[in-house]
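# Report on the structure
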Amino acid sequence: FPEVFVISMLRNPVANVFSIYKRFQSGNNYSENGWWGTKPADWKEIITEDKLIQSARLWNSVNKKLLDDIDLVDMIIPYHNMCNNPHYWLANILSKASGQVYDLSSLELPKIKCFDKEYSIGSRLESKNNYIYKYGKIDIPDDSKIELQKLTCQQEDVIMDIRGDTYEKLLTLSDQLK
């Protein structure tokens, strides 16, 4: 696809791993031999009984592959930046993809809630994406129902150890690819 414009959304690894980890909790279904999500080339070696570690390994494997193929990526958008300034990022995407300048400041957009702190307060098990699909709304209500407890400091450290410097490298590249 020579004309394709590739955008990668980069999310805080602890928040993203927590989101993936929710899929492995009782009440959620996952498929194929204890696996859920993107299947990098090494997916079978990533599988472990500890689904938090598995989720962190998945995040790291996928994002290391992104680093390996960075020449094919046109733009990296940090998720928290998109949440904070969607007009800027949508205009930037359209401008880069088309070669034209766009001003979307007058466009009415719903507020985008950033869910990067869920891991520090706990969460429902239902994916935010499932809510959007089910109700057709991106305005996700605040809900105090906690079905998965927040991560402990030790769990956060495990994720940070597994992700290594991958996140920082991608954040640096996001400044160059915006």
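In what follows, the structure referred to is the one given above.
Cut-offs and rules
- Residues numbered from 1 in each chain as written.
- Predicted model: local features only at pLDDT ≥ 70, side-chain atom pairs only at ≥ 80, totals over all residues.
- Heavy atoms only, no water.
- Core = buried A, V, L, I, M, F, W, Y, C linked by side-chain atoms within 4.5 Å.
- Buried < 20%, exposed > 50% of the residue type's maximum accessible area, 1.4 Å probe, protein only.
- Helix = DSSP H or I, 4+ residues; strand = E, 2+ residues; numbered from the N terminus.
- Contact = heavy atoms within 4.5 Å.
- Patch = residues over 30% accessible without salt bridge, like charges linked within 9 Å, V, L, I, M, F, W, Y side chains within 5 Å.
- Areas by Shrake-Rupley, 256 points an atom, 1.4 Å probe, with all protein chains shown as cover.
- Salt bridge = Lys/Arg side-chain N within 4 Å of Asp/Glu carboxyl O.
- Phe/Tyr/Trp six-rings, centres within 6.5 Å; stacked < 30°, edge-to-face > 60°.
- Lys NZ or Arg CZ within 6 Å of the ring centre and 35° of its normal.

## A word on the nonpolar core
Counting residues in hydrophobic clusters, the biggest one holds 23 residues, and the most contacted among them are I76, L151, I159 and L170. Put simply, the parts of the chain that give this core at least two residues each are helix 1 (13–22), helix 3 (51–68) and helix 8 (166–176). If we ignore the near neighbours within four places in the chain, the residues touching L170 are L10, N63, L66, L67 and I76. Within the second largest apolar cluster, six residues are counted, among which are I20, W35, W43 and L58.

## Focus on a nonpolar patch on the surface
Together, L90, L107 and L109 make up an exposed nonpolar region whose accessible area comes to about 210 Å². Mapped onto the secondary structure, L90 falls in helix 5 (residues 86–98). According to the relative accessible area criterion, L90 is partly exposed, its value standing at 32%.

## So, the packing of aromatic side chains
Counted by the stated rule, this structure contains three aromatic pairs. Centroid distance W35 to W43: 5.5 Å. Interplanar angle 65°. Geometry classified as edge-to-face. Grouping residues by exposure puts W35 and W43 together as buried. Sitting over the ring of Y79, R11 keeps its end group 4.9 Å from the ring centre. Here the guanidinium or amino end of K39 rests over the ring plane of W43, the centre of that ring lying 4.3 Å away.

## Brief notes about the environment of W59
Mapped onto the fold, W59 is located in helix 3. Residue classification places W59 among the buried positions, given a relative accessible area of 3%. Taking the C-alpha atoms as reference points, W59 and K22, 37 residues apart in sequence, are found 14 Å from one another. Once residues within four sequence positions are removed from consideration, W59 is found in contact with L10, R11, P13, N16, V17, R163, T166 and Y167.

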